[in-house]
Amino acid sequence: MEDTILESGFVDVYIDPTLDLFAEIETLKKEKNAVILAHYYQEPDIQDIADYVGDSLGLAQKAAATDADTIVFAGVHFMAETAKILNPGKKVLIPDMNAGCSLSDSCPPDLFRQFKEKHPDHVVISYINCSAGIKALSDIICTSSNAQRIVESLPSDQPIIFAPDRNLGAYLNKVTGRNMLLWNGACMVHELFSLQKITKLKVRNPEALVVAHPECEEAVLNVADFIGSTAAMLEFVVKSKNQVFIIATEAGILHKMKLAAPHKTFIAAPPDNMCACNNCPHMKRNTLEKIYLCLKYEQPELLMEEELRLAARKPIDRMMELSKVVPIVG
Ligand code: 13P
Ligand code: SF4
C-alpha cells in the first residue's frame, strides 16, 4: 500500500508488525542525528525510547541545548512550537500535528489581544501551555515549575494578567498573595478530577499522600499534600518517606514513578465521569508507529513564520533567564 502523508501526519500506512520499532527508531535516530524529547504524559514505550523525558520547562531547556539536527517532539503542538521558537535552524518533527491542547485552545489570540488592550497597565504572564500567537502577546512565559518564582520576580504592586489557566492562576494568587487578572481557561484532564472520589480513596488508604498538579481545581488542591509540576511530583514521591500516593495528574507520569520507586504504590486519581481514564487524548495521539514514520519521512514538520517566532521568543527568553536552576528528575 502507498504511504499517504497529510499535513497532520500519516494515514493508510501499513507497518509490518514483525518490525522491531525500537531498533528501527534507534537506527533512524543515528542516521539523522535526531533526538526524541518526550513529555511524562506519553505512553510508556515512547518514554522508554526517548532521549529525554521531562516536564515543560525541562523539555524547553533540552530543546534549547541540543546539538541534534532534528528534534522529534513527543508531546503536543505548543511544546513542539516552543522547540521551534528556540531552534529556528533545526528540523522539528511532531508525530501527529493534531496533538493539540484544550488549555491552549481555550485562549485564542484575537480574543486575548482584545482582553489585553483593555488592561494596558498590566504585565502579561502566560503559562507555556499556549499557542505561539499568545506567547507573542505575552511579556513572560512560565511553566508549572517556575510560575511562582516568575510571578514573585515582579514588584508586588505590578498589575498582572495571567493566562490561560484559571486554576494555576488562582493557585498562584493564593500562594503569592497577588490578585492577578485570570484568563478563564482550563485543562480538560485536570479539571475532571473528582474530590469525592479522591476523598473515598483517602478513606480506604489513609496513609496515602495526595500529590497534585496545579492545573487541578481548587477543591482538589485543597486536599493535596504536595502540589507541583510533573517533574516536581516525581521528585517528591521518590524522596518522600511515604509508600502510597494518590496522583492527581495525567496517568502517563505513573510509568516513571513506578520505574523510579518500584516498591511504592501509586494510585491514579479518578476523574469525575464514568470513564476511569485520566489520559490526555491529545498527548496520547502519539504512538511508537507515528514516531517511526515521522523519523523515516521527516514529516510532519513544524514550521513557523519568522516574525511570529521572534515575537514569541522574547517572553521565553525572559523565562529561561529567570529559571536557571531547576530540579529535574528522570
Ligand atoms: P508540566 O509537565 O510542565 O508540569 O505540565 C503539565 C502539562 O499539562 C503539560 O501539558
Ligand atoms: Fe493540554 Fe491538559 Fe493535555 Fe496538558 S494534559 S496537553 S494541559 S489538555
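Residues numbered from 1 in each chain as written. Chains lettered and ligands numbered in written order. Predicted model: local features only at pLDDT ≥ 70, side-chain atom pairs only at ≥ 80, totals over all residues. Heavy atoms only, no water.

### Describing the pattern of salt bridges
Part 1: Evaluated as defined, the whole model comprises eleven salt bridges.
Part 2: For Asp51, the salt bridge goes to Lys29, with nearest N and O atoms at 3.1 Å. Pair noted here: Asp51 is in the loop between helix H2 (44–49) and strand E4 (52–54) and Lys29 is in helix H1 (residues 21–31), with a separation of 22 residues, a long-range link.
Part 3: One salt bridge in this structure joins Lys32 and Glu298, with 3.0 Å as the shortest N-O distance. Residue Lys32 is located in the loop between H1 and strand E3 (34–39), and its partner Glu298 is located in the loop between helix H14 (288–297) and helix H15 (306–322); the two are separated by 266 residues in the primary sequence.
Part 4: Residue Glu298 is classed as partly exposed on the basis of its relative accessible area, which comes to 26%. (Salt bridge = Lys/Arg side-chain N within 4 Å of Asp/Glu carboxyl O. Helix = DSSP H or I, 4+ residues; strand = E, 2+ residues; numbered from the N terminus. Buried < 20%, exposed > 50% of the residue type's maximum accessible area, 1.4 Å probe, protein only.)

### Some details on the site of ligand 1
Part 1: As a structural note, the neighbourhood of ligand 1 is formed by 13 residues, with His39, Ser56, Ser144, His213 and Thr230 the closest of them.
Part 2: In the environment of ligand 1, an oxygen atom lies 2.8 Å from a nitrogen or oxygen atom belonging to the side chain of Ser56.
Part 3: Contacts to ligand 1 include Asn129, whose side-chain N or O atom sits 3.4 Å from an oxygen atom.
Part 4: Here ligand 1 loses 96% of its free accessible area of 300 Å² to cover by the protein chains.
Part 5: Taken atom by atom, the bulk of ligand 1 overlaps the largest cavity. (Near = heavy atom within 4 Å. Polar contact = N/O pair within 3.5 Å; in protein donor to acceptor, adjacent residues only side chain to side chain. Areas by Shrake-Rupley, 256 points an atom, 1.4 Å probe, with all protein chains shown as cover. 1 Å grid on protein atoms, 1.4 Å probe; cavity = no way out; pocket = protein on both sides within 12 Å on 5 of 7 lines; lining within 4 Å. Sits in = over half its atoms within 2 Å of the grid points.)

### Points about the packing of aromatic side chains
Part 1: Applying the stated criterion to the full structure yields six aromatic pairs.
Part 2: The interplanar angle of 75 degrees and the centroid separation of 5.5 Å between the aromatic rings of Phe112 and Trp183 together place this pair among those described as edge-to-face. Taken together, the residues span a long stretch of sequence, with Phe112 in helix H6 (residues 109–117) and Trp183 in the loop between strand E10 (181–182) and helix H10 (195–204) at a distance of 71 residues. Assigned by exposure class, Phe112 and Trp183 land together as buried.
Part 3: Residues Phe115 and Trp183 carry aromatic rings whose centres are separated by 5.3 Å and whose planes lie at 75 degrees to one another, so their mutual orientation is edge-to-face. (Phe/Tyr/Trp six-rings, centres within 6.5 Å; stacked < 30°, edge-to-face > 60°.)

### Looking at empty space enclosed by the protein
Part 1: Using the criterion set out here, one finds two cavities of 30 Å³ or more in the structure.
Part 2: Approximately 240 Å³ is the volume attributed to the largest cavity.
Part 3: As for the largest cavity, its lining consists of 25 residues, and the residues nearest its centre are Tyr41, Asn129, His190, Glu215 and Met283.
Part 4: Of all the secondary-structure elements, those providing two or more residues to the lining of the largest cavity are helix H4 (77–86) and helix H5 (102–105).
Part 5: Grouping the constituent residues of the lining of the largest cavity by class yields eleven nonpolar, eleven polar and three charged.
Part 6: Taken as a whole, the second largest cavity holds about 60 Å³ of empty space.
Part 7: Looking at the lining of the second largest cavity, the elements that each hand over two or more residues are helix H3 (56–65) and H4.
Part 8: Here the lining of the second largest cavity is composed, by residue class, of seven nonpolar, two polar and no charged. (Points joined across faces, edges and corners; volume = space filled by probe spheres on them. Nonpolar A, V, L, I, M, F, W, Y, C, P; charged D, E, K, R; others polar.)

### Digging into the nonpolar core
Part 1: If you look at the biggest cluster of nonpolar residues, it comprises 66 residues, and the most contacted ones within it are Leu37, Ile71, Phe73, Ile125, Phe162 and Met319.
Part 2: Ranked by residue count, the leading element in this core is H4, at six residues.
Part 3: Apart from residues lying up to four places away in sequence, Phe73 is in contact with Leu37, Leu59, Met79, Ala80, Ala83, Leu93, Ile94 and Pro95. (Core = buried A, V, L, I, M, F, W, Y, C linked by side-chain atoms within 4.5 Å. Contact = heavy atoms within 4.5 Å.)

### Description of unusual backbone geometry
Part 1: Residue Ala163 is joined to Pro164 through a cis peptide bond whose omega torsion reads -10 degrees.
Part 2: Take Pro164: it is sitting in the loop between strand E9 (160–163) and helix H9 (166–176).
Part 3: That bond from Gln299 to Pro300 is cis: its omega, -10 degrees, falls within 30 degrees of zero.
Part 4: For Pro300, the location among the structural elements is in the loop between H14 and H15.
Part 5: Of note, the phi angle at Glu298 is positive, near 55 degrees, even though the residue is not glycine.

### A few points about the site of ligand 2
Part 1: Residues in contact with ligand 2, as listed here, are Tyr41, Val76, Cys101, Ser102, Asn129, Cys187, Val189, Glu215, Cys280, His282 and Met283.
Part 2: For ligand 2, the cavity whose grid points lie within 2 Å of the majority of its atoms is the largest cavity.
Part 3: Looking at the shell around ligand 2 residue by residue, the classes come out as seven nonpolar, three polar and one charged.

### Here we look at the pairing of strand E14 (residues 265–268)
Part 1: Here strand E13 (residues 244–248) pairs with E14 via four bridges, running parallel. Note on E14: the bridge partner recorded for Val244 is Thr265.
Part 2: Regarding the hand of the β-α-β motif, the stretch spanning E13, helix H13 (residues 253–260) and E14 is right-handed. (Pairing = 2+ DSSP bridges. Right-handed = clockwise from strand over helix to strand, strands pointing away.)

### Some points on the sheet that holds strand E8 (residues 140–142)
Part 1: Sheet architecture is open: four strands sit in the order E8-E7-E9-E10, paired in parallel fashion. Both edges of this open sheet fall to E8 and E10, since each of them pairs with a single strand only.
Part 2: The pairing of strand E7 (residues 123–127) with E9 spans four bridges and is parallel. Looking at the pairing, Val123 lines up with Ile160 of E9.
Part 3: On top of the sheet, H6 reaches E7, E9 and E10; it is set at about 165 degrees to E9, its chief contact. (Axes fitted to C-alpha atoms, helices over the stretch in contact; angles between N-to-C directions.)

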